[in-house]
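Examination of the molecular architecture
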Amino acid sequence: QVQVVESGAGLAQPGGSLRLSCAASGSIFSIGHMGWYRQAPGKQRELVATISNGSMKVYGDSVKGRFTISRDNAKNTADLQMNSLKPEDTAVYHCNAFIITTGRASVSVWGQGTQVTVSS
């Protein structure tokens, strides 16, 4: 069994900052990509940022220059630093990890999501 758990939900004012964390745990042999996606009410889930195990990063157009993704391979964690927040960043943020289990199965694991609200 493997899982990912997000933390760092919160309320921020426009222009403010929040930091989200994602931790993968369980029978992990290795982790490939880790990433953050978000879904606002009435909208499709969209890419926020992903990072490979070699630290190659991809960002969604709407967050480039404002958000930064990082990971700690030793701790199986991926963080998302969000700066210059806008009301349109309000959404449920989900962590995703592509995990190779100790049984050598490949699984794409999603977290339950964490709410980010940007409002004055």
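Okay, so let's go over this structure. (Residues numbered from 1 in each chain as written. Predicted model: local features only at pLDDT ≥ 70, side-chain atom pairs only at ≥ 80, totals over all residues. Heavy atoms only, no water.)

A look at the overall build of the chain
The secondary structure content of the chain amounts to 0 helices and 11 strands. Tracing the chain from N to C terminus, the helices and strands come up as β-β-β-β-β-β-β-β-β-β-β. Computed over the C-alpha atoms, the radius of gyration of the chain is 14 Å, within 12% of the 14 Å expected from 2.2 N^0.38 for a compact globule of 120 residues. Along the three orthogonal principal directions, the C-alpha set of the chain runs to about 50 × 25 × 20 Å. Residues counted as buried form 41% of the 120 residues belonging to the chain. By sequence separation, contacts in the chain at least 24 residues apart represent 55% of the contacts at least 6 residues apart. Within the structure as shown, the chain displays about 6300 Å² of accessible surface, and the carbon and sulfur contribution to it stands at 49%. The averaged location of the 7 negative side-chain charges in the chain is 4 Å from the averaged location of its 11 positive side-chain charges. (Helix = DSSP H or I, 4+ residues; strand = E, 2+ residues; numbered from the N terminus. Rg over C-alpha atoms; globule rule 2.2 N^0.38 Å. Buried < 20%, exposed > 50% of the residue type's maximum accessible area, 1.4 Å probe, protein only. Contact = heavy atoms within 4.5 Å. Areas by Shrake-Rupley, 256 points an atom, 1.4 Å probe, with all protein chains shown as cover. Lys, Arg positive; Asp, Glu negative; His and termini not counted. Charge placed at Lys NZ, Arg CZ, Asp CG, Glu CD.)

A short note on the state of the cysteines
Under the criterion given, the structure shown has 1 disulfide. Covalent S-S linkage joins Cys22 and Cys95, the inter-sulfur distance amounting to 1.9 Å. In this structure, the disulfide formed by Cys22 and Cys95 twists by about -75 degrees around the S-S bond and is classed as left-handed. In this pair, Cys22 sits in strand E3 (residues 18–26) while Cys95 sits in strand E9 (residues 91–101), placing the two residues 73 residues apart along the sequence. Accessibility classification places Cys22 together with Cys95 in one group, the buried group. (Disulfide = S-S within 2.5 Å.)

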